[in-house]
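Okay, here's what each chain looks like letter by letter:
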Amino acid sequence: ADEASLLLSVVSYVFNVTSAPQHYRQGMGAYAKLTGRDASRSLGTMSMEDEDVDSHLLSDLTDDQWEELFNWVDKYQEKYPVVGRLVDWKPGVSIKAIN
């Protein structure tokens with residue numbers, strides 16, 4: 001990935017979102033705060049508050065928030081290539097619990 005690549009992670013899957021700078025480029029997009037980090041909590045809770053943007057924690061999500069998060073996962077899988085996995089992801093839940 002070159003310097004211009006825009007990446008974000010959802011449930012540890014790293015997506016290349018460079019094709020949508022209008023959403024993800026700093027200073028341009030509504031989701032720019034999520035670029036370069038795991039966006040799972042923000043997407044699940046629909047919150048762009050710093051404490052949610054900065055957190056990997058998912059153990060306190062409600063069933064509705066899990067459903068919201070997995071709707072986002074589906075959207076990302078349809079639109080953007082997966083380029084890797086986040087190795088230091090610490091959601092506070094096991095991968096088995098969310099699959």
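Here the structure is a predicted model, which is why all the values come from computation and not from measurement.

Undergrad: Lay out the overall build of the chain in plain terms, naming residues and giving numbers.
TA: What the chain contains, in helices and strands, is 5 helices and 3 strands. Secondary structure of the chain in N-to-C order comes out as β-β-α-α-α-α-β-α. Relative to the globule expectation of 13 Å for 99 residues, the C-alpha radius of gyration of the chain, 13 Å, shows essentially globular dimensions. In terms of its C-alpha atoms, the chain occupies a principal-axis envelope of roughly 35 × 25 × 25 Å. Residue burial in the chain is summarised as follows: out of 99 residues, 38% are buried. Intrachain contacts of the chain at a sequence separation of at least 6 include 55% that bridge at least 24 residues. Carbon and sulfur atoms provide 49% of the accessible area of the chain, an area that totals close to 5,900 Å². The distance from the centre of the 9 positive side-chain charges to the centre of the 16 negative ones in the chain is 5 Å.

Undergrad: Pulling in residues and values, what's your account of the sheet that holds strand 1 (residues 7–10)?
TA: An order of 1-2-3 is seen for the 3 strands of this open sheet, with the pairing classed as antiparallel. Looking at the sheet topology across the chains shown, the edges are occupied by strand 1 and strand 3 (82–85). Direction aside, the axes of adjacent strands within the sheet are offset by 30° on average. Looking at chain direction, strand 2 (residues 13–16) and strand 3 are connected through 3 bridges and run antiparallel. Bridged to Val 14 within strand 3 is Gly 84. Strands strand 1 and strand 2 of the sheet are contacted by helix 4 (residues 63–79), whose axis makes an angle of about 135° with strand 1.

Undergrad: Could you give me a rundown of the nonpolar core, with the residues and numbers involved?
TA: Counting 21 residues, the largest nonpolar core has Leu 8, Val 10, Val 17, Tyr 24, Leu 43, Leu 69 and Tyr 76 as the members making the most contacts within it. For this core, the secondary-structure elements that each account for two or more residues are strand 1 and helix 4. Setting aside its immediate chain neighbours within four residues, Leu 8 contacts Tyr 13, Val 14, Phe 15, Val 17, Tyr 24, Leu 34, Thr 35, Gly 36, Arg 37, Ala 39 and Tyr 76.

Undergrad: Account for the pattern of salt bridges, with residues named and values stated.
TA: A complete count under the given rule lists 4 salt bridges for this structure. Measuring nitrogen to oxygen at the nearest pair gives 2.7 Å for the salt bridge that ties Arg 37 to Asp 54. Taken as a pair, Arg 37 in the loop between helix 1 (21–24) and helix 2 (40–45) and Asp 54 in the loop between helix 3 (50–53) and helix 4 lie far apart in primary sequence, 17 residues in all. Across the pair Asp 60 and Arg 41 runs a salt bridge, and its minimum N-O distance is 2.8 Å. In this pair, Asp 60 is assigned in the loop between helix 3 and helix 4 and Arg 41 in helix 2, connecting sequence segments 19 residues apart. Residue Asp 60 is classed as partly exposed on the basis of its relative accessible area of 44%. Judged by relative accessible area, Arg 41 falls into the buried class, the value being 12%.

Undergrad: I'd love a proper account of helix 4, names of residues and values included.
TA: Its 17 residues place the ends of helix 4 25 Å apart at the C-alpha level, agreeing with the 24 Å of an ideal helix rising 1.5 Å per residue. Every buried residue belonging to helix 4 is among Trp 66, Leu 69, Trp 72, Val 73 and Tyr 76, and all of these are buried. Seen along its axis, helix 4 keeps its buried residues to an arc of 120°; they face one direction. In helix 4, the exposed residues that point more than 90 degrees away from the buried face are Asp 63, Asp 64, Glu 67, Glu 78 and Lys 79.

The rules behind the values
- Residues numbered from 1 in each chain as written.
- Predicted model: local features only at pLDDT ≥ 70, side-chain atom pairs only at ≥ 80, totals over all residues.
- Heavy atoms only, no water.
- Helix = DSSP H or I, 4+ residues; strand = E, 2+ residues; numbered from the N terminus.
- Rg over C-alpha atoms; globule rule 2.2 N^0.38 Å.
- Buried < 20%, exposed > 50% of the residue type's maximum accessible area, 1.4 Å probe, protein only.
- Contact = heavy atoms within 4.5 Å.
- Areas by Shrake-Rupley, 256 points an atom, 1.4 Å probe, with all protein chains shown as cover.
- Lys, Arg positive; Asp, Glu negative; His and termini not counted.
- Charge placed at Lys NZ, Arg CZ, Asp CG, Glu CD.
- Pairing = 2+ DSSP bridges.
- Axes fitted to C-alpha atoms, helices over the stretch in contact; angles between N-to-C directions.
- Core = buried A, V, L, I, M, F, W, Y, C linked by side-chain atoms within 4.5 Å.
- Salt bridge = Lys/Arg side-chain N within 4 Å of Asp/Glu carboxyl O.
- Expected span 1.5 Å × (residues − 1).
- Arc of directions from axis to C-beta.

By themselves, these figures tell us nothing about what the structure is for.
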